[in-house]
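# A closer look at the structure
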Amino acid sequence: MVESGSNFKLVSSVLISVVLSSPITCVIYPPYSALIPLLLICVTVYVGVQIFNFKNSPYLTAGKRLLVADYALVVAVGVGAFVGSYCFHNIKLTKFVVNETKPLFQLVQFQQPPIMAVLAAIGLGFVVSFLFFMEGNISASIVNKPSNKLKKGSSFHYDMLVTGVINAILSVFCLPWLHGALPHSPLHVRALADIEEHIENGHVTETIVYVRETRLTTLVAHLFIGASVLIIPKPLDMIPIPVLYGLFVFLAVTSLGELQIWERFVLIFTEQSLYPPFHYVRKVPQKIIHCFTLLQMLQLTALCLVSFGSSAYLKMLFPFIIVSLIPIREYVLPKIISKRHLVALDGDH
């Protein structure tokens, strides 16, 4: 058995070799195999966040700073892929596995399943369609909220119809389904928006002034997604899976500032005299704010337990957990917190 001091020396030697020599030729034993993926995740997140925050720096002009910040995700993935594929090329990392022996597009072989399999498929299809319905409407509601100042009207029913038709075609080819995505949809709106910053009592708030409402950006983005089949397996297999984990962490970190639940969670550890001038701070007592935040954190914990559970049957309950949040908000929370305070906390402002 290796002593703790030897463990520290081995880990230190690995980190020093990363800095002083590239590519690495040392051997990483299984107990330490989690170190490199964690390092790749941290590198991806760090590079992405630093470039994303470049828009707040004093360098260049405002337009150029925003242009650089818009490419934070691309640069972060590129840097992470380079570090993982070149610096650690002698270390086995999880990457894309592509079966090149099978055709790219192939029709599903229709068969005559037993009646119980048909009923089970109907039940599972209902659960999936219900999840798509909820996620699509949630995405559309966030995108079309008044603070985004969109001029064109919403089309909730049309979105559901188009999603259903496209998913039916994708099912015939045994391809992945599509649906309204979070946080991509709100981030797309902000990428097309002109944003002004206001400073009040030392706190910086962002306000959307104008949004360029166009379908071209979405069309071009999906054309690039379709063209990604041309880079399978190379160079797509050069991107380690931990880099993609870092990408998702980057999306989560950069989206936290727009979430009111995160704002209120930070207030739990903030001195009351230093609270930012949020609208609900002026209307709701401190204890009520913290109580509402903790109740939401409990609901979020339940969602995470179901979503990240190891059982596939447990994960199928995720849509129903989402739906159960509606009666909790409408009937349970008003018995704990007054309606006036609830409107101030989660109403449209």
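A brief report on the enclosed structure follows. Positions within a chain are numbered from 1, following the residues in the order the chain's sequence is written. Local features in this predicted model are restricted to residues whose pLDDT is 70 or higher, and side-chain atom pairs enter the listing and the counts only when it is 80 or higher, whereas totals over whole chains, interfaces and linings include all residues. Hydrogens and water molecules were not included; the side-chain quantities draw on all heavy atoms of the structure.

## A closer look at the side chain of arginine 65
Just so we agree on the cut-off: Secondary structure counts use DSSP, requiring at least four H or I residues in a row for a helix and at least two E residues in a row for a strand, with both numbered from the N terminus. Under the rule applied, a polar contact is a pair of N or O atoms within 3.5 Å (in protein, one hydrogen donor and one hydrogen acceptor; residues adjacent in sequence only if both atoms are side-chain atoms). Only heavy atoms enter the contact rule, under which two residues are in contact if any of them lie within 4.5 Å.
Within the secondary structure, arginine 65 is located in helix α3 (residues 62-70). Here the side chain of arginine 65 touches lysine 55 through a polar contact of 3.3 Å, landing on its backbone oxygen. Of the polar contacts made by the side chain of arginine 65, one reaches the backbone oxygen of leucine 60; its length is 3.1 Å. Excluding residues within four positions of it along the chain, arginine 65 makes contact with Phe54, Lys55, Ser57, Pro58, Tyr59 and Leu60.

## Topic: the packing of helix α5 (residues 115-143) against helix α6 (residues 156-172)
Test applied: Axis lines are fitted to C-alpha atoms, over the contacting stretch for helices. Their N-to-C directions set the angle, which ranges from 0 to 180 degrees. Every angle not falling under 35 degrees, over 145, or within 65 to 115 is termed oblique; those three ranges are roughly parallel, roughly antiparallel and roughly perpendicular. Note: crossing handedness is left-handed where the near helix turns anticlockwise from the far helix by less than a right angle, and right-handed where it turns clockwise. Polar here means any residue outside two lists: the nonpolar Ala, Val, Leu, Ile, Met, Phe, Trp, Tyr, Cys and Pro, and the charged Asp, Glu, Lys and Arg; Gly therefore counts as polar.
Between α5 and α6, whose axes approach to 11 Å, the crossing angle comes to 135°. Classified by the interaxial angle, the pair formed by α5 and α6 is oblique. Note on packing geometry: the crossing formed by α5 with α6 is right-handed. Contacts between α5 and α6 involve Phe132, Phe133, Gly136, Asn137, Ala140 and Ser141 from the former and Phe156, Met160 and Asn167 from the latter. Among the residues making up the contact of α5 with α6, the classes are represented as 5 nonpolar, 4 polar and no charged.

## Brief notes about the packing of helix α4 (residues 72-87) against helix α9 (residues 241-255)
Interaxial distance between α4 and α9 falls to 9 Å at its minimum, and their mutual angle equals 155°. Our classification of the angle between α4 and α9 gives roughly antiparallel. As for how α4 packs across α9, the hand of that crossing is right-handed. In contact with Ala72, Leu73, Val77, Gly80 and Ala81 of α4, α9 contributes Val243, Leu247, Phe250 and Leu251. Here the contact of α4 with α9 is composed, by residue class, of 8 nonpolar, 1 polar and no charged.

## Focus on the packing of aromatic side chains
Note the following rule: When the centres of two rings from Phe, Tyr and Trp lie within 6.5 Å, Trp using its six-membered ring, the rings pair. Their planes under 30 degrees apart give stacked, over 60 give edge-to-face, and anything left gives tilted. Think of it in three bands: with a 1.4 Å probe and only protein chains considered, a residue is buried below 20% of the maximum accessible area for its type, exposed above 50%, and partly exposed in between.
In the structure shown here, the tally under the stated rule is 7 aromatic pairs. Measuring from centroid to centroid gives 6.2 Å for phenylalanine 52 and phenylalanine 250, while their planes differ by 85°, and the two rings are edge-to-face. With phenylalanine 52 in helix α2 (residues 35-52) and phenylalanine 250 in helix α9, this residue pair connects regions lying 198 residues apart in the sequence. When its relative accessible area of 23% is taken as the criterion, phenylalanine 52 is described as partly exposed. Relative accessible area serves as the criterion here: at 6%, phenylalanine 250 is assigned to the buried category. Three or more aromatic residues joined by ring pairs make a cluster, and in this case those are Phe126, Phe130 and Phe320.

## Quick word on the layout of surface pockets
To locate leftover empty space, one rolls a probe as large as a water molecule over the atoms. Heads up, the condition is: Space inside and on the surface of the protein is sampled on a 1 Å grid over the protein atoms alone, with a cavity defined as a set of points where a 1.4 Å probe fits but cannot get out and a pocket as an open set with protein on both sides within 12 Å along at least 5 of 7 lines; lining residues have an atom within 4 Å of a point. Grid points are joined across faces, edges and corners, and a volume is the space filled by probe spheres set on the points.
Its volume calculated, the second largest pocket comes out at about 230 Å³. For the lining of the second largest pocket, the secondary-structure elements that each account for two or more residues are α5 and α6. Looking at the lining of the second largest pocket element by element, the count peaks at 6 residues for α5. When its residues are assigned to classes, the lining of the second largest pocket shows 5 nonpolar, 8 polar and no charged.

## What about the nonpolar core?
The following threshold applies: Here, nonpolar core means buried Ala, Val, Leu, Ile, Met, Phe, Trp, Tyr and Cys residues that are tied together by side-chain atoms lying within 4.5 Å of each other.
One finds Leu40, Phe88 and Leu93 to be the most contacted residues of the largest nonpolar core, which totals 21 residues. Sorting the residues of this core by element identifies α2, α4 and α9 as the ones contributing at least two each. Here this core gets 7 residues from one element, more than from any other, and that element is α2. Ignoring any residue separated from it by four or fewer positions in sequence, one finds leucine 93 in contact with Ile36, Pro37, Leu40, Gly84, Phe88 and Pro240. In terms of nonpolar packing, the next biggest core, distinct from the first, is built from 12 residues, Ile289, Leu342, Ala344 and Leu345 among them.

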